[in-house]
Amino acid sequence: MFKQLRTDESGLTLIELTIVIVILGILAAFIAPRIMDAPQKAKVSKAGLEINNLSTALQLYAIEVGEYPSTEQGLNALWQAPNPTPQNWGGPYLQKQLTNDPWGNPYVYRNPGTQAGYDFDLLSYGKDGKQGGIGFAKDITNWIEDTPAAQ
C-alpha cells in the first residue's frame, strides 16, 4: 500500500542549492560591473576615433583650401561646400556626414583653437554633454591634456 522510499534516489538538498546560489551571486558581483561599463567604454573609444578622423579630414581640407573652416562654417564644411565655396574645395572630405558624438551631442569645433600648439579645437563633452567632468563624462579632445607631474 505505501511505497517505501529508496535510499539511492539522488537530488539537491536545500543546503546544496543555497551554496550554488551564493557562488553565482559572488561571481555576478565581480563580473557585472565590468559588463555594465563596456557600452560606455566603447562610446568613449568611438568618440576618440571619430575626433581623430575629423582632425585628419580638417587637415586635408586645410591643405587643399589653404585654411581651416571657420567656426561658423563648422564641421559641415567637410561634408558639403561652404557658402561661398572656397576656390580649391575638393570635398567631401568624409565618407559620411559626422557631426554628433556617440551620445548624440554635436562635436564642438572652434577655429582658431584655444589650446597652445593646436590650430583648432575639436571635442566631445562626453556622456553628460557638459564641459569638464570625470569618468565617462570627461571631455574627449583633439589635444593632449597637460597633467601636473606627480610629486
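Note that residues are indexed from 1 along each chain, following the sequence as it is written. Residue-level local features of this predicted model are given only where pLDDT is at least 70; pairs of side-chain atoms are given and counted only at 80 or more, and the full residue set underlies all totals for whole chains, interfaces and linings. Excluding hydrogens and water, the side-chain figures rest on all heavy atoms present in the structure.

A. Structural context of the environment of Asn-53. Considering the arrangement of structural elements, one finds Asn-53 in helix H1 (residues 14-65). Residue class for Asn-53 comes out partly exposed when judged on its relative accessible area of 48%. With 45 residues separating them in the primary sequence, Asn-53 and Leu-98 have C-alpha atoms 9.8 Å apart. Only DSSP runs of H or I reaching four residues or more are called helices, and only runs of E reaching two or more are called strands; each is numbered from the N terminus. For each residue, the accessible area found with a 1.4 Å probe, counting protein chains only, is set against the maximum for its type, and the residue is called buried under 20%, exposed over 50%, and partly exposed in between.

B. Structural detail: the nonpolar core. Only buried residues count toward a nonpolar core, which is a set of Ala, Val, Leu, Ile, Met, Phe, Trp, Tyr and Cys residues joined through side-chain atoms within 4.5 Å. Counting 22 residues, the largest nonpolar core has Leu-54, Leu-58, Leu-75, Leu-78 and Leu-122 as the members making the most contacts within it. Of all the elements, H1 adds the most residues to this core, at eight residues. With sequence-adjacent residues up to four places away left out, Leu-78 is seen in contact with Leu-54, Ala-57, Leu-58, Tyr-61, Pro-92, Tyr-93 and Leu-94. The contact rule is simple, with two residues in contact once any of their heavy atoms fall within 4.5 Å.

C. Representation of the side chain of Thr-141. Along the polypeptide, Thr-141 turns up in strand E3 (residues 140-141). A distance of 2.7 Å separates a polar atom in the side chain of Thr-141 from the backbone oxygen of Trp-143. Here Thr-141 is in contact with Ile-51, Leu-122 and Leu-123, once residues within four sequence places are set aside. By the criterion applied in these results, polar contacts are pairs of N or O atoms within 3.5 Å in which, for protein atoms, one can donate a hydrogen and the other can accept it, and in which residues neighboring in sequence qualify only through two side-chain atoms.

D. Representation of the sheet that holds E3. Within the open sheet, the three strands sit side by side as E1-E2-E3. Their pairing is antiparallel. Here the strands that pair on one side only, and so sit at the sheet edges, are strand E1 (108-110) and E3. For two strands to be treated as a pair, DSSP must find at least two bridges joining them. Bridge count between strand E2 (residues 121-124) and E3: two bridges; the pairing is antiparallel. Note on E3: the bridge partner recorded for Ser-124 is Ile-140. Axes here refer to lines fitted to C-alpha atoms; in helices the fit is confined to the stretch in contact. Angles between the N-to-C directions go from 0 to 180 degrees. On the sheet, H1 packs against E1, E2 and E3 and is oriented at approximately 160 degrees with respect to E2.

Functional significance is not addressed by these values, which are geometric in nature.
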